[in-house]
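Observations on the model geometry
One-letter residues, chain by chain:
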Amino acid sequence: MNVDSKSLPWQRIVIKVGSALIAPNRNGCSSQYLLSIANFIVRCRMSGTQVVLVSSGSVAAGAHLFKGVDTSPITIKKAMAAAGQSEMMATWDRLFDFNTAQILLTHADLKNRDRYVSVRDTIEELLDNNILPIINENDTVATDRLKVGDNDNLSAMVASAANADTLVICSDVDGLYDANPKIDTNAQLITDVYEINAGIYNMAGGVTSDVGTGGMKTKIQAADKAVSHGIDTYIVNGFNEASFNELLAGSSPGTHFHPHTKPMQDTHHWMKHTTKIQGELVVDDAFMMEKDSTGDLLSPQDLLEVSGEFSAGDVVLVRKDNGDKLAKVKTNYSSCLLNFVATQNSEHISEQLDNTDEPILSKQYITLLGA
Ligand code: GLU
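First, a word on what this report is: a plain description of the structure on this page.

About the thresholds
- Residues numbered from 1 in each chain as written.
- Predicted model: local features only at pLDDT ≥ 70, side-chain atom pairs only at ≥ 80, totals over all residues.
- Heavy atoms only, no water.
- Pairing = 2+ DSSP bridges.
- Helix = DSSP H or I, 4+ residues; strand = E, 2+ residues; numbered from the N terminus.
- Axes fitted to C-alpha atoms, helices over the stretch in contact; angles between N-to-C directions.
- Contact = heavy atoms within 4.5 Å.
- Core = buried A, V, L, I, M, F, W, Y, C linked by side-chain atoms within 4.5 Å.
- Buried < 20%, exposed > 50% of the residue type's maximum accessible area, 1.4 Å probe, protein only.
- Expected span 1.5 Å × (residues − 1).
- Bend = angle between axes of the 7 residues up to and from the residue.
- Polar contact = N/O pair within 3.5 Å; in protein donor to acceptor, adjacent residues only side chain to side chain.
- Parallel < 35°, antiparallel > 145°, perpendicular 65-115°, else oblique.
- Nonpolar A, V, L, I, M, F, W, Y, C, P; charged D, E, K, R; others polar.
- Phe/Tyr/Trp six-rings, centres within 6.5 Å; stacked < 30°, edge-to-face > 60°.
- Lys NZ or Arg CZ within 6 Å of the ring centre and 35° of its normal.

**Looking at the sheet that holds strand β11 (residues 315-320)**
Backbone hydrogen bonds hold the strands of a sheet together, and the pairing may be parallel or antiparallel. With mixed pairing, five strands are arranged side by side in an open sheet as β10-β9-β11-β12-β13. Where the open sheet ends on each side, the last strands, each with one partner, are β10 (303-307) and β13 (361-368). The mean inter-strand angle of the sheet, taken between neighbouring strand axes irrespective of direction, is 30°. As paired strands, strand β9 (residues 277-283) and β11 are joined by six bridges and run parallel to one another. Bridge assignment links Val283 to a residue of β11, and that residue is Lys320. On top of the sheet, helix α11 (residues 266-274) reaches β11, β12 (325-331) and β13; it is set at about 70° to β13, its chief contact.

Listed below in structure tokens is the structure:
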């Protein structure tokens, strides 16, 4: 197909490729399906579109190196990921005649604002220097508490961080159907989605992949995150070369999730879609009264109780002791220190904290929740 790749509308695109495309038989990497994806990436770049690749496949690519071994322990999966990641990167490298860069992330890197900004800046520099960033979750170090868990959601977090205008998520079906197309022959493809509501999530059901960890549900979650950042999102069949030719020709081969016309402001989006609540602070009424003033959101004597384990820079839920949720907000202090403050609550501690530059809670990163 002859595609005029000079007229692509995208400035910056993130494409997410799953394990089943990279190591279809869990027997090492295969270029069988990657050639058409690589060709798509090359054509995008030739037209001036910047591309970020989110690539799964480390565990699937590394699996064949552990033959005859019990692969159920998590340590074996981590070892597979470590070995498979370099095999996967080498496979991509062979398909391109330009440089690539590996970025391995965990949720811990994205939920912390400083690290998030650092990831964003690095992606920006790589793109400015015509290097293709290839991003995966750092499965070797991620514990349950620290991981995103699936690369669909990761790709939406990356697309938001990178300020992309388009996200393409490759699937093993043509897009979102109103029923599972693998078992229901009457299932209809949904071509356009303008609002991601409970009905859309219901359609995704529990359809999962045999090789990766994602499924249609995580793809919808990813689309939900991306469209609220103003990002056009497509779920397409990554096994079908025609999908990429259609995208290049300006049409949608699968399901197109249309972006919100009024996207969320970046810091609010990060608070809502990238951070997770790591703990809770119970506060007295003085908390909300301070919010518009020049004072701090929370003074030490208004902190009644602390629960959960969190570090400085994490996001916590602030609530009243009657249970009303007040806000999701970034804390500048760890749970350990705040526990001490809440239990001691002496004027001496208050004075000490008041004398530091850092308020307990950040005014810049707060989302009010209402009662
Ligand atoms: N990060 C995992 C891997 O590279 C895959 C996660 C996913 O399939 O979504 O194997």
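**Quick look at the nonpolar core**
Residues Ile123, Ile135 and Phe257 are the most contacted members of the largest nonpolar core, which totals 47 residues. Of all the secondary-structure elements, those providing two or more residues to this core are β2 (50-55), β3 (100-105), α6 (113-128), α7 (151-161), β5 (166-171), α8 (198-204), α9 (216-227) and α11. Apart from the residues lying within four places of it in its own chain, the contact partners of Ile135 are Val52, Leu53, Val54, Ser55, Ile103, Leu105, Ile123, Leu154 and Val158. Counting residues in hydrophobic clusters, the runner-up holds 29 residues, among them Trp10, Ile41, Phe96 and Val168.

**Brief notes about helix α4 (residues 74-95)**
When the terminal C-alpha atoms of α4 are compared, their 31 Å separation across 22 residues agrees well with the 32 Å that a helix rising 1.5 Å per residue should span. Along its length, α4 reaches its greatest deviation from straightness, about 25°, at Gly84. Among the residues making up α4, those that are buried are Ile76, Lys78, Met80, Ala81, Gly84, Gln85, Met88, Met89, Thr91 and Trp92.

**Comments concerning the pairing of β11**
One ladder, built from five bridges, connects β11 with β12; its direction is antiparallel. Its bridge partner being in β12, Val315 is matched across the sheet by Lys330. The turn linking β11 back onto β12 is made up of four residues, and Gly323 within it adopts a positive phi angle of 100°.

**Considerations on the side chain of Thr100**
Here Thr100 lies in strand β3. The exposure class assigned to Thr100 is buried, which follows from its relative accessible area of 18%. Among the polar contacts listed, one links the side chain of Thr100 to the side chain of Asp93, at a separation of 2.6 Å. Discounting chain neighbours no more than four positions away, the residues touching Thr100 are Met89, Asp93, Ile131, Leu132 and Ile134.

**Topic: the packing of α6 against α7**
When two helices pack together, their arrangement is given by the angle between the helix axes and the distance between those axes. Two elements in contact, α6 and α7, have axes whose closest approach is 9 Å; the angle formed by their N-to-C orientations is 75°. Looking at the two axes, α6 sits roughly perpendicular to α7. Mapping the contact onto sequence places Tyr116, Arg120 and Ile123 in α6 and Met157, Val158, Ser160 and Ala161 in α7. Of the residues that constitute the contact of α6 with α7, the class distribution is five nonpolar, one polar and one charged.

**A word on the sheet that holds β2**
On the basis of which strands lie adjacent, the open sheet formed by eight strands has the order β3-β4-β2-β1-β5-β7-β8-β6 and mixed pairing. Each edge of the sheet is formed by a strand with only one pairing partner; in this case those strands are β3 and β6 (192-193). For β2 and strand β4 (residues 132-137), the ladder comprises two bridges, and the chain directions are parallel. By the bridge assignment for β4, Val54 is matched with Ile135.

**Observations concerning α9**
The end-to-end C-alpha distance of α9 is 16 Å, a good match for the 16 Å that twelve residues give at a rise of 1.5 Å each. The element α9 is extensively covered by neighbouring structure, given that ten of its twelve residues are classed as buried. Those residues of α9 that fall on the buried side of the exposure criterion are Met216, Thr218, Lys219, Ile220, Ala222, Ala223, Asp224, Lys225, Ala226 and Val227.

**Quick notes on the packing of aromatic side chains**
If you walk through the whole model with that rule in mind, you get seven aromatic pairs. Ring centres of Tyr116 and Trp270 lie 6.0 Å apart, and the angle between their planes is 50°; this geometry places the pair in the tilted category. A residue pair is termed long-range when its members are at least 10 positions apart, and Tyr116 in helix α6 and Trp270 in helix α11 qualify at 154 residues. Of the two residues, Tyr116 and Trp270, both sit in the buried class. We note Arg45 situated over the ring of Phe98; from NZ or CZ to the ring centre the distance is 3.6 Å. The ring centre of Trp270 lies 5.0 Å from the NZ or CZ of Arg113, which sits over that ring.

**A look at the environment of Thr191**
Relative to the helices and strands, Thr191 resides in the loop between β5 and β6. Through-space distance from the C-alpha of Thr191 to that of His256 is 6.0 Å; in sequence the pair is 65 residues apart. Contact partners of Thr191, with chain neighbours within four places excluded, come to Gly254, Thr255 and His256. Polar contacts involving the side chain of Thr191 include one to the side chain of Asp192, which spans 3.1 Å.

**A few points about unusual backbone geometry**
Of note in this structure, Asn130 is not a glycine but carries a positive phi near 60°. Structurally, the position occupied by Asn130 is in the loop between α6 and β4. Among the residues examined, Asn130 registers a relative accessible area of 55% and is labelled exposed. Non-glycine residue Asn163 carries a positive phi angle of around 55°. Assignment of secondary structure puts Asn163 in the loop between α7 and β5. Since its relative accessible area comes to 55%, Asn163 is described here as exposed.

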